[in-house]
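Structure at a glance
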Amino acid sequence: MDREQIRDSLVEASGMPKDVLLKAAVITVTGNFEICIGNYRGITEYTDSLVRVQARNGQIRVEGSRLTVRYYTTDEMKITGKVEAIRFENGRDEL
Amino acid sequence: MIRYMKGYVKIRTEGFSPERFINMCSLNGIYIWGLVPSRNGYEMYLELRGLKKIRPLAKKTHSRIVISERKGLPFFIYRQRRRKLFYAGILMCAVLLKVYSLFIWDIHFEGNVKWPDETLAEFLRGEDVAPLMLKDRVDCQGIVKNIRKEYNDIVWVSASLEGNRLNIRVKENDDSYPEEAAENAEAVKAADLVASSDGVVTDIVTRSGVPQVHEGDAVEKGDILVRGSIEVKNDAGETVGYQYCRADADVYADTELTYEAAHSLTDVGKVYDGKEKQMFYIRAGKIRISAGSTENTYPHWDMTGKERTLKLGENVYLPLCFGTRKVRSFSYREVRVSAEEARKSLSEEFQRFCTDLEEKGIQIRGNNVKINLSADSAKAQGTIWLNEPITEEADTEIITVEREETDEPVGTDD
């Protein structure tokens, strides 16, 4: 059993929400026009066709067209526009 | 709305790493919205509070910040700082409107015929209800009650507030007029009718009283025509007392009237020479502000003036008058009236006199009025024969009968 598996089973056993314990990003997608991202660190790139958000365990790439950041706070951000793809990347490798 | 109240700005950030600047902002608890990429940077909206915090962040991230729009109330006020008086005026206007709406400005009466507006207004003033009183203090029920109590012949009253006007609608009892007339008649009991001028009686119709004249009788001024005292006689035919009444009759008589009118053929008339001065003024109490002057050096002049008092609604007079005065210069000049003009004017005057008589119900039987012209005057004279009512009321003589049985005027003597 490697480290990640041990961590997952511990979290499972504690009964606490995973996003709190693992500090994982929470992404809420509404249709293909609105995405809310919480638990992130910051924006690394933002154009109207690509928004890259840095999370604890890597990067989240939101691809699409006419993308706009509606609001941006410490806890949550909202992106609207035509969303075509959401990808998870290992941010460290790319950076 | 809250954003507008607090004020917000649109900024553009450019530089080496604008993303870092944005992340720093959110880490420092600065709320960002409307984030859009623009050229090599980003545009975003910030709260005014946040704007104060970003200077060190911009320095740290080597970003250049340009404020492109300023929105919200704080900026609006800042821009309007030179127009303080304008806004003070608006505020003042609103306050005054509110204050004015607290008062009654006018009292309007409706449906009153017998009691004029002024009388009712005077009565209400006595009850402390007058224009310029506070609206809250108007007690419509009380007003209705008081009016009903004071005026018996007002059978229905309604008082209502309509904006800043107190409407009072009344309904008067129309039947009360004859009653009152009858009361008055009783009050002036016992009256004779006497002749108001000399003449020959042509017609007599007696409604009450004892007629003293017949048709064809010649009467002189002051003669009793109808007596207001009626004899009460006993069985023996002796007068035992008198009953008194108000004599009432139509007595027509042929009378004569001497008519005389004269006109001078020379007349002194005013001739205005066109020189005039005018003054316009506004007056509040004794203080008068005027434009122009009426001071002059004319040998003869007359002054005409018009003045009006400003009023609100129907009954609220403001202590502010405005008017004009005009001084016109003239000279006296003797004017010769032609004989024809004098004749015409005299004849018109006579016609007018006759029309007046006819309007009074006097019948004109004929006249021999002639116009005589002399060197410097024109005269109309003659007699007009009329047929007119000649009755005139006079107090009747109270006759006391020297008998003991006056209490029982119809008693029998054994």
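Rules used throughout
Residues numbered from 1 in each chain as written. Chains lettered and ligands numbered in written order. Predicted model: local features only at pLDDT ≥ 70, side-chain atom pairs only at ≥ 80, totals over all residues. Helix = DSSP H or I, 4+ residues; strand = E, 2+ residues; numbered from the N terminus. Contact = placed C-beta atoms within 7 Å. Buried ≥ 20, exposed ≤ 12 C-beta atoms within 10 Å, placed from the backbone. Pairing = 2+ DSSP bridges. Axes fitted to C-alpha atoms, helices over the stretch in contact; angles between N-to-C directions. Nonpolar A, V, L, I, M, F, W, Y, C, P; charged D, E, K, R; others polar. Left-handed = near helix turned anticlockwise from the far one by under 90°. pLDDT = per-residue confidence, 0-100. Core = buried A, V, L, I, M, F, W, Y, C linked by C-beta atoms within 7 Å.

1. Describing the overall build of chain B
Assigned secondary structure in chain B consists of nine helices and 23 strands. Taking the intrachain contacts of chain B between residues at least 6 apart in sequence as the baseline, contacts between residues at least 24 apart amount to 66%.

2. A few points about the overall build of chain A
Scanning chain A for helices and strands turns up three helices and six strands. Taken over 95 residues, chain A has a buried fraction of 22%. The contacts of chain A with a sequence gap of at least 6 include a subset with a gap of at least 24, amounting to 34%.

3. Considering the pairing of strand S21 (residues 370–373) of chain B
All names here are of chain B. As paired elements, S21 and strand S22 (residues 377–389) share four bridges and run antiparallel to each other. Considered in S22, the bridge of Lys370 is made with Gln381. Hairpin connection of S21 to S22: three residues between the antiparallel strands.

4. Points about the sheet that holds strand S6 (residues 154–162) of chain B
Residue and element names in this part refer to chain B. If you walk across this open sheet you meet the three strands as S5-S7-S6, and the pairing is mixed. Bordering the open sheet on either side are strand S5 (106–110) and S6, each of which pairs with just one other strand. Put simply, the sheet's adjacent strands are angled 15 degrees from each other on average, direction ignored. Here five bridges tie S5 to strand S7 (residues 165–172), and the two strands are oriented parallel to one another. Bridge pairing in S7 places His108 opposite Asn167.

5. Here we look at the environment of Trp115 of chain B
Residue and element names in this part refer to chain B. Tracing the backbone through its elements, the reader meets Trp115 in the loop between S5 and helix H6 (117–126). A sequence separation of 55 residues divides Trp115 from Val170, and the C-alpha atoms of the two residues are 10.0 Å apart. Those residues within four positions of Trp115 in sequence are excluded, and the remaining contacts are Leu120 and Tyr151.

6. A word on the interface of chain B and chain A
Taken together, the contact between chain B and chain A spans 13 residues of the former and 14 residues of the latter. For the side of chain B that touches chain A, the secondary structure elements donating two or more residues are helix H2 (18–27) and strand S2 (32–38) of chain B. Considering only residue class, the side of chain B that touches chain A consists of nine nonpolar, three polar and one charged. Pairing of strand S5 (residues 58–72) of chain A with S2 of chain B involves three bridges; the strand directions are antiparallel. Opposite Tyr71 of chain A, over in S2 of chain B, you have Trp33 of chain B as the bridge partner.

7. A few points about the packing of H2 of chain B against helix H3 (residues 48–61) of chain B
All names here are of chain B. Direction vectors running N to C along H2 and H3 enclose 145 degrees, while the axes themselves pass 10 Å from each other. Between H2 and H3 lies a crossing whose hand is right-handed. Contacts from Arg20, Phe21, Met24 and Cys25 in H2 reach Ile54, Leu57, Ala58 and Thr61 in H3. Here the contact of H2 with H3 is composed, by residue class, of six nonpolar, one polar and one charged.

8. Concerning the confidence of the model for chain B
For chain B, the average pLDDT comes to 83, and 92% of its residues sit at 70 or higher. Between the elements of chain B, mean pLDDT differs from a low of 52, seen in helix H8 (residues 176–187) of chain B, to a high of 91, seen in helix H5 (residues 84–100) of chain B.

9. As for the sheet that holds strand S10 (residues 210–211) of chain B
Residue and element names in this part refer to chain B. A sheet is described by the order of its strands in space; here four strands give the open sequence S10-S12-S8-S23, paired in antiparallel fashion. The open sheet has two edge strands, S10 and strand S23 (391–395), and neither has a second partner. Across five bridges, strand S8 (residues 191–195) lies against S23 in antiparallel orientation. Bridge pairing links Val194 to Glu392 in S23.

10. Quick look at the environment of Ala261 of chain B
Residue and element names in this part refer to chain B. For Ala261, the position within the fold is in strand S15 (residues 248–264). For the pair Ala261 and Leu346, spaced 85 residues apart in sequence, the C-alpha to C-alpha distance is 7.3 Å. Not counting the four nearest positions on each side in its chain, Ala261 is found in contact with Leu346, Glu349, Phe350 and Ala380.

11. Things to note about the pairing of strand S16 (residues 266–284) of chain B
Residue and element names in this part refer to chain B. Sheet topology places S16 next to strand S17 (residues 287–291); five bridges connect them, and they run antiparallel. Opposite Phe280, over in S17, you have Ala291 as the bridge partner. Hairpin connection from S16 to S17: two residues lie between these consecutive antiparallel strands, with Gly285 at a positive phi of about 65 degrees.

12. With respect to the nonpolar core
Within the largest apolar cluster, 33 residues are counted, with the highest numbers of intra-cluster contacts made by Val51 of chain A together with Cys25 and Ile32 of chain B. The element that contributes the greatest number of residues to this core is S5 of chain A, accounting for five residues. Setting aside anything within four residues of it in sequence, one finds Val51 of chain A in contact with Ile43, Tyr46, Val62, Leu67, Val69 and Ile79 of chain A. Within the second largest apolar cluster, 16 residues are counted, among which are Leu193, Val219, Val251 and Ile390 of chain B.

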